[in-house]
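# A look at the structure
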Amino acid sequence: MIIEARIDGGGGEAIRLAEFERLDGDLKQLGLNLAEGRSLVHEAQRALVSAQTRFVVSASLNCPQGGRALSIKSTHAIRYRTVFGKVTIDSPQLRVCEK
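Here the structure is a predicted model, which is why all the values come from computation and not from measurement. (Residues numbered from 1 in each chain as written. Predicted model: local features only at pLDDT ≥ 70, side-chain atom pairs only at ≥ 80, totals over all residues. Heavy atoms only, no water.)

## Structural notes on the environment of Arg46
What counts is decided by this rule: Counting from the N terminus, the helices are the DSSP runs of H or I reaching at least four residues and the strands are the DSSP runs of E reaching at least two. Only protein chains enter the calculation, and the probe is 1.4 Å; a residue is then buried if its accessible area is under 20% of its type maximum, exposed if over 50%, and partly exposed in between. Pairs of N or O atoms are called polar contacts if they sit within 3.5 Å, as long as, within protein, a hydrogen donor faces a hydrogen acceptor (for residues adjacent in sequence, only side-chain-to-side-chain pairs).
Along the polypeptide, Arg46 turns up in helix 1 (residues 34-59). The class of Arg46 is partly exposed, set by a relative accessible area of 30%. Separated by 41 residues in sequence, Arg46 and Val87 have C-alpha atoms that sit 5.8 Å apart. There is a polar contact of 2.8 Å between the side chain of Arg46 and the side chain of Glu43.

Written as structure tokens, this is what we have:
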């Protein structure tokens, strides 16, 4: 079983969240175990946070006053805590808009 997600507005590409293999007829392997469920939810959270931050960063790349494009000075990683685990996201430092 392969579980994928598509984020609307994200270009339509599928993001693989999890892949599980089950033996046929083994009742001990019905559904997901706790570790598999946690992993699936963590990957869904990671995909959603990544898509949201890409949207916010792209919306912030233009100066709010003049509309000119802002360049990226540097980028660093941020560890963001969620209820489903920590997610690492890129955080660009934008140059100040010169009027």
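## Description of the nonpolar core
Cut-off, in case you're wondering: Among the buried residues, those of types Ala, Val, Leu, Ile, Met, Phe, Trp, Tyr and Cys that are joined through side-chain atoms within 4.5 Å form a nonpolar core. Whether two residues are in contact is decided by their heavy atoms, any of which lying within 4.5 Å being enough.
Grouped together as the largest cluster of nonpolar side chains are five residues: Leu17, Ala18, Phe20, Leu40 and Ala47. Contributions of two or more residues to this core are made by strand 2 (14-19) and helix 1. In this structure Leu17 touches Ile3, Glu4, Ala5, Leu40, Glu43, Ala44 and Ala47, once residues within four positions along its chain are discounted.

## Some remarks on the layout of surface pockets
Keep this limit in mind: A cavity here means a set of points on a 1 Å grid, drawn over the protein atoms and nothing else, where a 1.4 Å probe fits but cannot get out; a pocket is an open set with protein on both sides within 12 Å along at least five of seven lines, and a residue lines either one if it has an atom within 4 Å of a point. Grid points are joined across faces, edges and corners, and a volume is the space filled by probe spheres set on the points. Classification used: nonpolar for Ala, Val, Leu, Ile, Met, Phe, Trp, Tyr, Cys and Pro, charged for Asp, Glu, Lys and Arg, polar for all others including Gly.
Approximately 170 Å³ is the volume found for the largest pocket. If you go around the largest pocket, the residues you meet are Ser50, Thr53, Arg54, Val57, Ile72, Thr75, Thr88, Ile89, Asp90 and Pro92. Only helix 1, strand 3 (72-82) and strand 4 (85-94) provide two or more residues apiece to the lining of the largest pocket. Residues belonging to the lining of the largest pocket are distributed by class as follows: four nonpolar, four polar and two charged.

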